[in-house]
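# Survey of secondary and tertiary structure
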Amino acid sequence: MASTPACHSPFDSAPQYEEEFKDKNAPRGPSFNKHGSDKHWLIRRAKTPMSNVSLQYVDSTFKKRWRTLLSVDDMVESIVNSLTEKKLLDNTFIIYTSDNGFHLGQFSLPNDKRQLYEFDVRIPLLIRGPGVPKKKVIADPVINIDIMPTIVNLAGLTPPSDVDGASLLPLLFPKNDTLNTGFREEFLVEHQGEWLLKGTPGCKNVDYLCTCVPDCVCEDGLNHTYSCIRSLNDSTDTMYCEFTDDENFIEFYNLVKDPHQLANIAKTVSPTVLSDQNKKLIALSVCKGPSCRKIHPVGKQDGNSPVKTVKIL
């Protein structure tokens, strides 16, 4: 396994790439430099609009991160060339992925990875190898805990039955496409807040916070712990989150209508809907093994009828 520090801080690129991407800046999407007034306290605390110091820092970080990835490209090329020279490429599976996303200016947070939103949650996952169809895109939600059972399966062994992840072989090599619908419909997104007793030196009122750079905008803290359930299938695309903080804050997003998670609808949807989400989140938090891949409420759910319990299938 090749595990690179890039594109992690301190974002130091190889000397030959230090002049690359000078004309590039961080993308200015709908959530960039936008005040998250309906979001949890750490987002609300961010300075909006961002200062010129923060904007320059964001754009500089974006360029530097891209430069470090040029060395990752070199590494991948070197590995593929070595496998080719040894006549092993046609019998080798290559899995390319990351461990987290990253934000640069979204909701006025300069740069970090510990938020619940799509820009921090989604990661690339590419697999090539014998029998894998070229340019095939799998729409089913897969997560990093699926990698281990997939590798075990590729080695001709049976993955442990008590792991929450699942082998991706049925998706890579489907025997019957109709049998693979609903591979997974929900998954957990969790974070335990990280903090420093006195925060970042030079900043005021940052006790129990951390990563307050630049401009003393803090990216994490003791009071920033959350659990979310991400639901994704042919008819549903939502994110429901509960914070273990002083407000017991809740965020809920319908990504069909709001793909950039601009509007927290927790205070406008039916309490029944929130109750259902809470029950599914609890069930998914305590499940084990294959039962974690399909969490269903028992009873009719039409947006008005109560859901009395949750069954793990």
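### Here's the deal with the sheet that holds strand E8 (residues 250-254)
Pairing within the open sheet is antiparallel, and its four strands lie in the order E3-E6-E7-E8. Taken across any chain shown, the strands that pair with only one partner, and hence form the sheet edges, are strand E3 (186-191) and E8. Ignoring which end each strand starts from, the neighbouring axes of this sheet average 15° apart. Sheet topology note: the strand E7 (residues 237-243)/E8 ladder contains five bridges and is antiparallel. Paired with Cys-241 across the bridge in E8 is Glu-251.

### With respect to the side chain of Asp-112
By the secondary structure assignment, Asp-112 is in the loop between strand E1 (94-97) and helix H3 (118-121). Contacts of Asp-112, omitting those with residues within four sequence positions, involve Phe-102, His-103, Asp-120, Thr-211 and Glu-219.

### Examining helix H6 (residues 271-286)
Look at H6: 23 Å from first C-alpha to last across 16 residues, which is about the 22 Å you get at 1.5 Å a residue. Along H6, the residues that are buried comprise Val-273, Leu-274, Asp-276, Gln-277, Lys-280, Leu-281, Ala-283 and Leu-284. Where H6 begins, the capping side chain belongs to Ser-270, and its oxygen is found 3.1 Å from the backbone nitrogen of Thr-272.

### A closer look at the nonpolar core
Across soluble globular proteins, you tend to see nonpolar side chains buried next to one another. Core analysis: the largest hydrophobic core is formed by 19 residues, its most contacted members being Leu-116, Tyr-117, Cys-228 and Met-239. Those elements that provide at least two residues to this core are E3, strand E6 (226-232) and E7. Take this core: its biggest share by element is three residues, from E7. Other than its neighbours up to four places away in sequence, Met-239 contacts Leu-116, Val-121, Val-189, Cys-228, Ile-229, Arg-230, Glu-251, Phe-252, Tyr-253, Leu-255 and Gln-261. Core analysis: the next-biggest nonpolar cluster, separate from the first, contains 12 residues, Phe-252, Val-273, Leu-274 and Ala-283 among them.

### Examining the packing of aromatic side chains
Scanning the model with the defined rule gives 11 aromatic pairs in all. Ring centres of Trp-195 and Tyr-208 lie 5.4 Å apart, and the angle between their planes is 50°; on these two criteria the pair is classed as tilted. Taken as a pair, Trp-195 in the loop between E3 and strand E4 (209-210) and Tyr-208 in the loop between E3 and E4 lie far apart in primary sequence, 13 residues in all. The class for Trp-195 is partly exposed, based on a relative accessible area of 38%. One Lys or Arg, Arg-44, reaches over the ring of Phe-249 and ends 5.5 Å from the middle of that ring. Note that Arg-65 overlies the ring of Phe-102, its terminal NZ or CZ placed 3.8 Å from the centroid.

### Thoughts on the pattern of salt bridges
Counting across every chain of the model gives 12 salt bridges. Linking Glu-19 and Lys-22 is a salt bridge whose minimum nitrogen-to-oxygen distance equals 2.4 Å. The two residues Glu-19 and Lys-22 agree in class, both being exposed. We note a salt bridge from Arg-44 to Glu-247, for which the minimum N-O separation is 2.7 Å. One end of the pair, Arg-44, is in helix H1 (residues 41-45); the other, Glu-247, is in the loop between E7 and E8, and 203 residues separate them in sequence. When its relative accessible area of 28% is taken as the criterion, Arg-44 is described as partly exposed. Exposure remark for Glu-247: the relative accessible area of 40% places this residue in the partly exposed category. In this structure, a network of salt bridges that share partners links the residues Asp-112, Arg-114, Glu-194 and Asp-220.

### Focus: unusual backbone geometry
The omega angle of the peptide bond from Ser-9 to Pro-10 is 15°, so this bond is cis rather than trans. Tracing the backbone shows Pro-10 in the segment before H1. The amide bond that connects Thr-48 to the next residue, Pro-49, takes the cis arrangement and shows omega of 0°. Positioned with a positive phi, Lys-87 is a non-glycine residue whose angle comes to about 60°. The class of Lys-87 is exposed, set by a relative accessible area of 76%.

### Quick notes on the confidence of the model for the chain
Averaged over all residues, the pLDDT of the chain equals 91, while 92% of them reach at least 70. Confidence over residues 297-313 falls short of pLDDT 50; this stretch has 40 contacts with residues more than four positions distant or in other chains.

### Comments concerning the state of the cysteines
If you walk through the whole model with that rule in mind, you get four disulfides. Each sulfur of the disulfide joining Cys-228 and Cys-241 lies 2.1 Å from the other. Judged by the sign of its S-S torsion, about 110°, the bond between Cys-228 and Cys-241 is right-handed. Here the residue Cys-228 occupies a position in strand E6, and Cys-241 occupies one in strand E7, the gap between them amounting to 13 residues. Cys-241 matches Cys-228 in its accessibility class, with the two residues each being buried. Two residues, Cys-287 and Cys-292, share a disulfide whose sulfurs are 2.0 Å apart. One disulfide, between Cys-287 and Cys-292, carries an S-S torsion of 120° and so falls in the right-handed class. For the residue pair Cys-287 and Cys-292, the accessibility class agrees, reading buried in each case. Of all cysteine sulfurs in the structure, the one in Cys-210 sits closest to Cys-7, which takes part in no disulfide; the separation is 19 Å. Summary of cysteine pairing: Cys-210 is not part of a disulfide, and the nearest cysteine sulfur, belonging to Cys-212, is at 6.7 Å.

Conventions used here
- Residues numbered from 1 in each chain as written.
- Predicted model: local features only at pLDDT ≥ 70, side-chain atom pairs only at ≥ 80, totals over all residues.
- Heavy atoms only, no water.
- Pairing = 2+ DSSP bridges.
- Helix = DSSP H or I, 4+ residues; strand = E, 2+ residues; numbered from the N terminus.
- Axes fitted to C-alpha atoms, helices over the stretch in contact; angles between N-to-C directions.
- Contact = heavy atoms within 4.5 Å.
- Expected span 1.5 Å × (residues − 1).
- Buried < 20%, exposed > 50% of the residue type's maximum accessible area, 1.4 Å probe, protein only.
- Polar contact = N/O pair within 3.5 Å; in protein donor to acceptor, adjacent residues only side chain to side chain.
- Core = buried A, V, L, I, M, F, W, Y, C linked by side-chain atoms within 4.5 Å.
- Phe/Tyr/Trp six-rings, centres within 6.5 Å; stacked < 30°, edge-to-face > 60°.
- Lys NZ or Arg CZ within 6 Å of the ring centre and 35° of its normal.
- Salt bridge = Lys/Arg side-chain N within 4 Å of Asp/Glu carboxyl O.
- pLDDT = per-residue confidence, 0-100.
- Disulfide = S-S within 2.5 Å.

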